[in-house]
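# Structure at a glance
Residue strings, one per chain:
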Number of protein chains: 2
Amino acid sequence: MTTTMLPAVANGGSETRGAKKRAEGVLVRDISFYSPVQESRLGHEPPLPSVFHGSFKLVHGPPSSAAGNAAEIEKLFPCLFGQPSVELIASERVSYYDNQKLKIGVVLSGGQAPGGHNVIAGIFDYLEEHAKGSILYGFRGGPAGIMRNKVVVITAEFLFPYRNQGGFDIICSGRDKIETSEQFRQAEETVKNLDLDGLIVIGGDDSNTNAALLAEYFRSKNLKTHVIGCPKTIDGDLKSSHVPISFGFDTACKIYSEMIGNIMVDARSTGKYYHFVRLMGRAASHITLECALQTHPNVAIIGEEVNAHRQTLRQVTNQIADVICQRAQLGKHYGVVLIPEGLIDFIPEIQHLIAELNEILATGRCDEAGHWKEKLAPPCRALFSSLPHNIQEELLLERDPHGNVQVARIETEKMLISMIETELHARKHEETFTGTFKGQAHFFGYEGRCGMPTNFDATYCYALGFASAALLHTGQTGLIASIGNLTAPSKDWTVGGTALTELMDVERRKGKFKPVIKKAMVELDGAPFKRFASLRDQWAVKDSYLSPGPIQFSGPTANDTNYTLKLELGTLDA
Amino acid sequence: MTTTMLPAVANGGSETRGAKKRAEGVLVRDISFYSPVQESRLGHEPPLPSVFHGSFKLVHGPPSSAAGNAAEIEKLFPCLFGQPSVELIASERVSYYDNQKLKIGVVLSGGQAPGGHNVIAGIFDYLEEHAKGSILYGFRGGPAGIMRNKVVVITAEFLFPYRNQGGFDIICSGRDKIETSEQFRQAEETVKNLDLDGLIVIGGDDSNTNAALLAEYFRSKNLKTHVIGCPKTIDGDLKSSHVPISFGFDTACKIYSEMIGNIMVDARSTGKYYHFVRLMGRAASHITLECALQTHPNVAIIGEEVNAHRQTLRQVTNQIADVICQRAQLGKHYGVVLIPEGLIDFIPEIQHLIAELNEILATGRCDEAGHWKEKLAPPCRALFSSLPHNIQEELLLERDPHGNVQVARIETEKMLISMIETELHARKHEETFTGTFKGQAHFFGYEGRCGMPTNFDATYCYALGFASAALLHTGQTGLIASIGNLTAPSKDWTVGGTALTELMDVERRKGKFKPVIKKAMVELDGAPFKRFASLRDQWAVKDSYLSPGPIQFSGPTANDTNYTLKLELGTLDA
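As the structure is a computational prediction, the values presented were derived from the model and not from experiment. (Residues numbered from 1 in each chain as written. Chains lettered and ligands numbered in written order. Predicted model: local features only at pLDDT ≥ 70, side-chain atom pairs only at ≥ 80, totals over all residues. Heavy atoms only, no water.)

In this assembly, 53 residues from chain B lie in contact with 53 residues from chain A. Both faces considered, chain B and chain A share a buried interface measuring about 4,400 Å² in area, 52% of it formed by carbon and sulfur atoms. In this assembly, chain B and chain A are joined by six salt bridges. Inspection of the chain B/chain A interface yields 31 residue pairs in polar contact (both at pLDDT 80 or more). Of all elements in the fold, only α2 (36–42), α9 (249–270), β12 (439–444) and α18 (446–449) of chain B reach the threshold of two or more residues within the side of chain B that touches chain A. When residues of the side of chain B that touches chain A are assigned to their parent elements, the largest contribution, ten residues, is made by α9 of chain B. Grouping the amino acids of the side of chain B that touches chain A by side-chain chemistry returns 21 nonpolar, 22 polar and ten charged. (Contact = heavy atoms within 4.5 Å. Buried area = accessible area lost by both parts, 1.4 Å probe. Salt bridge = Lys/Arg side-chain N within 4 Å of Asp/Glu carboxyl O. Polar contact = N/O pair within 3.5 Å; in protein donor to acceptor, adjacent residues only side chain to side chain. Helix = DSSP H or I, 4+ residues; strand = E, 2+ residues; numbered from the N terminus. Nonpolar A, V, L, I, M, F, W, Y, C, P; charged D, E, K, R; others polar.)

And the structure:
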C-alpha cells in the first residue's frame, strides 16, 4: 500500500452543505409545476459516507490486471494498464490541494436511470466544499456533446431543480460513441478548449469502456484531462467485485415490483387471468430475478438458465404450461409469469433462426408466397412455422442499423401466451388439462427508467458523485468510482476507485481485438439465483405473492435496499 | 325533519378500537409473505368522522324523488320510493339499541377497487363497537355467493390480514347479477337461512341498482333483511350530489399518474418518443381527466367531448397530429397522449360501424375474400378500410356473451399511433410536417385496480363501512352510504345515506322499463373539465409535465385527495 500525501489545508465543513446547496439566485428551471412529492424531494439531503464528513487521503492497492486476456488489454492500454485501485480513508493529512480550482466536465451516456441527477449534484457539492471556485460543465445530449462541444455551466441555480429527481433531463443523454480517430480528436479539442482537468462519464459497460479509452488517449497525448467513470444502468449488468451495483437498478426494480405486486393481488382476487409481464433487461435477467425475489411470481424465466440448459422455446413453453396444469388441479386458474426482455436472445435455436433470417434478409427479400423459407435449414424452418403469425412478422420486419432484429420490439409475452394456448389446447384434447387459460400481456419498461430515485439510489448516486470528483481532485484517471459495504448504513460505506482496465476483457471484432467490459450476467451459482431456485417450486403452486407497494421516501421502509445486493453481499442468506 | 329516538345505552369507546381490532387468535391468512409496506399498513388506523367518536342519532331529510321518470321508478319500487335520505349527527340520545346483536352479510360485486377491504373492516369494527356479539358474514365470489349461500364468518383473525390492503381477495368478487325471479328466490332463501338483519352490497352502478331491487323485494316480502349499498368503482362514474365519489378512483388515478409522470420525464429526457397511454374507463373518461390534471400531458382525449362534438376518428387523429406538428416546429419530437379505454365507443361513426358489424356477424360469417364488406353502408365501409389491419381484425374477432365487440380489447392507442403515422407521412409529403414521429403504446389497467388504498381511500372506505353498518343498525334499507365534505379533514366529514331510488332513472329494454343508476359522465361544464380545457393549449406545446411520484403513506403529501374531488366540491378553483 502506498499513499500520496499532500498538505492538509482545511476541513470541508459538511454541516453547511445543506444551506449552501439551496440556490440563492433565480432557478433556471421553472418548478411551479412540480408535484408535492417532487417538491418535497428537492429538500431531501442524502447522507454521505463518513470519509466525506471530514478530510481524507488516498490509499493505493496492489497493481491491477484485467478480467481476461491481460496481455491484450496491456497492449490496448499501455499507459493505464496495471494501475492500482484506490480507497479514500479519513485523514488529517490529505491527498489533494484544498481550494484548488478545477474545471470538470460531466456527461450522461446511454439510457436513463434513476439517480443520474444526484451524481451530478454530488460532483457539484464536492467541488463547492473542497475546491471552491471550480467550474462544472455539463455536456449536452451525451457523448455527442463532447464531440461537438455542446456544453452548459452547471450552477447552483441550474442544478437545484434536479436534486433527487428522476430522468436525465438536466443535460440529457445520448447513445453516440466516441470511436473513430476523428472523434477522439474532436474530444481532445473540446477538453483542450475548455481546459478541463477532468471528465466524468456516467454510463453503462460500453460508456465506461469508452471512458477508459479516452483516459488512455488523453494520457498518451500528455493532456492534463483525467477521466473517471460511474456505473449506471437499470439492467444491473455492470458490476464487479469492487462495483457491487450500478445505480438505477434499485429504483427501477422497485417500481416494476410495485406494479407486479398490484397485478398479483388482482390475479388472486379476480381468479381468472394469467398475467405475463415482460421486464426490461436485454442482455441479462437481473431485473427479472430481483422482481421475482421481491414479489414471488408463479413462474419467472431467467434467460441465463435457459441458455445454460440449452432450452428450446418449446421447453420454455412447456415449463410454464406444466405450472398452469398443476395449478388447475388445485382449482387455480390464475397466475403471474415474469419474462426478461431478452429471453429469445437466450434461446440457442432462436439465435440460429435469427442468424439465418439476418443472412437471408441481407441478401434478398421475402416473397409473399413464402418460397424464401426454403432457404432456412429444416430445424429453423420448423421453428419459424411454429411461431405465432405476428411474431413471424416481427422477426421479418425492422432491423437495427447493424441489420439485426430489434429484439426489444418482439412482444415475447404475447408469443408465449399464444404458444401456451396452443399447448394447453392440445393437453385439453389429451385430457391432461381441464382448466381454463386466459392470458394478459404487459411490458414494463419506460415506467421504471425515470422514476424519482429511491433513498438508496439517491444516496448511492450522491456518494458516486462525491467519489468521482474526489478521484479527480486527487489526480486519478482511468478509474470507475466504487462504493462498497452498501448494505450497511451509508456512513459506513467505503469509497474508492477501481481501475477500469481491471473490468476488461477483449473481443475479436473484424479481426481486431476490442476492449470490452463484459456484461455481468445472472450467475447460476450466485446467491440471488440460488435463493430463487430454492423457492420457486413453492411459489409455482402456493400463492406466496408479495406486494411491495409504492416506494416510500419516509417511514420505516424508506431505506430498504434490494435482494440482489443483500444476497450478493451476504447480508441476507440465500 | 323527523328523528327516531331510542334510549342511549353506552358510548362505543372508540379509543379502544385500535387495541380491539388486532386479532388475538391465529390469523387465518398467512402474512409471513407480506412486504414491509404491506405489513406497516396493517397497523394503519384510519381516523373516523367525528360523528363516530361517540353516540349519534338519525336525522331524516325530505321525501326523495328519482333522477328521471319518477312515476316509472315509483311503479318499480312501490315500497321504497320517496323515502327520505338520512344523516347521522352526534347525540346522546341515539337511534339504535346499543349492544343489539345483528346478523349482517356483505358482498363485493364487480371489478376490484382499492379500499374494499376497509369497507368490510369498517362494518366489522362498527359492529364490535356498537353491537357487540353481532355476526358478519361474507358472501364469497360476488352475488353468486348470495344465490348459492357460499358464506364465511368474518372474525377478527380472518379480517386482520386484509386491513388497508389492496384487492378484494378477502371474499373475492364476481360479476353475476341477481336478475330472474328464481335468483331473487334463491337470495331470499339465503337471507332467511342465515337470519340476516342486513345485507351490504359493495359495487358500482349495476350492483347498487341490484341492491335497490333486493331491498324492494325483501320489503315486499316482509322479510326483516334490510339492504344498504356502497359506492365502488375506480372509473369514478358512480356519483351524485350526495355521493361525491366512488372509492378506488383516488388510488387508481394516483397509481396511473405515477407511471404517466415517470413516462413524461422519460419522454423529455429521451426526446424522441410519443407515448400513447390508454387508461381504464370504458363508459366515462373521469380517470383520463383526473390523470391529465395530475400530470399535464400534451394531449388528453376526453370521450364525452368527442361525443358532444360528434367528432370523427379522423378529426381525433388530426387533432393529435396538429399538436405533434406544432411541437415539431419548436424542435420537440416527443410527447405524451392520454386516451380513455372507451374512446371508440364515444365516436358516433364507429358506433355505427360496430352496430353494422354486429348485425353482419350475427347473421353470417366474414369470407376471406372480403365480399361481406359489401354489406356495410358506404360510409362504414370507407371507415373500416381506413383502419389499421390489426384493428380491423380486433373488430371482427371475439364478441362478448351479448354479441358485442369487446371494446376494452381494442388497442386504441396502437390504432391512433398507426393512423397518426399515416397522417404525418402525408403531411411530410405536403411539407407541413418536418419532424420525426415514433409512437410507444401503453395500457394501464390492472396495475391500478389492486394497489394498496391511499390514505384517502383507506379512510373513506372505513367510514363507508361504519356508515353502512350504522344505517342497518338504525333500521334503514334501500339507501347508499354517503359521506360528504370529503375535502375537509376526516373528522368533519358528514355521514348519511341517500335513497338509492333518488339516483335512478329507467331505460327501456325489450319493451320493459328497467331501473338504472345512470353513469355519471364527465360534465363538459363541470369544474374538472373546465380547468383542463383552460390549460390544455398551454400543456400541448409547453412542457408543463408534472410527476406525482409514488403514493406516500406518511409525510406531508400522504393525505392529499384528487383534483376531481377538490374541483367538484369547490375547494380548488377551476
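Residue and element names in this part refer to chain B. Sheet architecture is open: four strands sit in the order β10-β11-β9-β12, paired in parallel fashion. The strands lining the two open edges of the sheet, one partner per strand, are β10 (299–300) and β12. Of the pairings in the sheet, the one linking strand β9 (residues 274–279) to β12 comprises six bridges and is parallel in character. By the bridge assignment, Phe276 is partnered in β12 with Ala441. With respect to the sheet, helix α10 (residues 286–295) is in contact with β9, β10 and β11 (335–340), its orientation differing from that of β11 by roughly 155 degrees. Sheet strands in contact with helix α17 (residues 412–429) are β9, β11 and β12, and its direction is about 165 degrees off that of β12. (Pairing = 2+ DSSP bridges. Axes fitted to C-alpha atoms, helices over the stretch in contact; angles between N-to-C directions.)

So, on to helix α14 (residues 348–363) of chain A. Over its 16 residues, α14 of chain A extends 23 Å from the first C-alpha to the last, a length consistent with the 22 Å expected when each residue adds 1.5 Å. Looking at the buried positions of α14 of chain A, the neighbouring elements they touch are α11 (303–308), α12 (313–329), α13 (343–346), α15 (378–386) and α16 (389–396) of chain A. (Expected span 1.5 Å × (residues − 1).)

This part is about the UniProt feature "site: Important for catalytic activity" (unreviewed entry) in chain A. All names here are of chain A. Residues given the UniProt feature "site: Important for catalytic activity" (unreviewed entry) here are Lys232. Tracing the sequence through the fold places Lys232 in the loop between β8 (226–231) and α9 (249–270). With near-sequence residues (within four places) excluded, Lys232 lies in contact with Ser109, Gly110, Gly111, Ala113, Phe168, Ile202, Gly203, Gly204, Leu238, Ser246 and Phe247. A polar contact of 2.8 Å, which involves the side chain of Lys232, links it to the backbone oxygen of Gly111. (UniProt positions renumbered as here; feature names shortened; annotations may be inferred.)

Another point: the pattern of salt bridges. Taken as a whole and judged by the stated rule, the model has 60 salt bridges over all chains. The salt bridge involving Asp266 of chain B is made with Arg449 of chain A; its shortest N-O contact spans 2.7 Å. A residue pair is termed interchain when its members come from two chains, as with Asp266 of chain B in helix α9 and Arg449 of chain A in helix α18 (residues 446–449). Asp266 of chain B sits in the buried class, given a relative accessible area of 0%. What makes Arg449 of chain A buried here is its relative accessible area of 8%. For Lys414 of chain B, the salt bridge goes to Glu411 of chain B, with nearest N and O atoms at 3.4 Å. The buried category is assigned to Glu411 of chain B, whose relative accessible area is 17%. (Buried < 20%, exposed > 50% of the residue type's maximum accessible area, 1.4 Å probe, protein only.)

Residues and elements named next belong to chain A. Here α12 crosses helix α17 (residues 412–429) at 65 degrees, and the two axes come no closer than 9 Å. Crossing of α12 over α17 shows right-handed handedness. Of the residues in α17, those in contact with Leu313, Arg314, Val316, Thr317, Asn318, Ile320, Ala321, Asp322, Ile324 and Cys325 of α12 are Met415, Leu416, Met419, Ile420, Glu423, Leu424 and Arg427. Of the residues in the contact of α12 with α17, the class split is eleven nonpolar, two polar and four charged. (Left-handed = near helix turned anticlockwise from the far one by under 90°.)

In this section: the pairing of strand β5 (residues 135–139) of chain A. Residue and element names in this part refer to chain A. Counting buried residues in β5 gives four out of five residues, a clear majority hidden from the surface. Handedness of the crossover joining strand β4 (residues 103–108) and β5 through helix α4 (residues 116–130): right-handed. Looking at chain direction, β5 and strand β6 (residues 151–153) are connected through three bridges and run antiparallel. Considered in β6, the bridge of Phe139 is made with Val151. (Right-handed = clockwise from strand over helix to strand, strands pointing away.)

All names here are of chain A. With respect to the helices, strands and loops of the structure, Phe184 is situated in helix α7 (residues 181–193). On the basis of relative accessibility, which here comes to 11%, the residue Phe184 falls in the buried class. With 36 residues separating them along the chain, Phe184 and Ser220 place their C-alpha atoms 12 Å apart.

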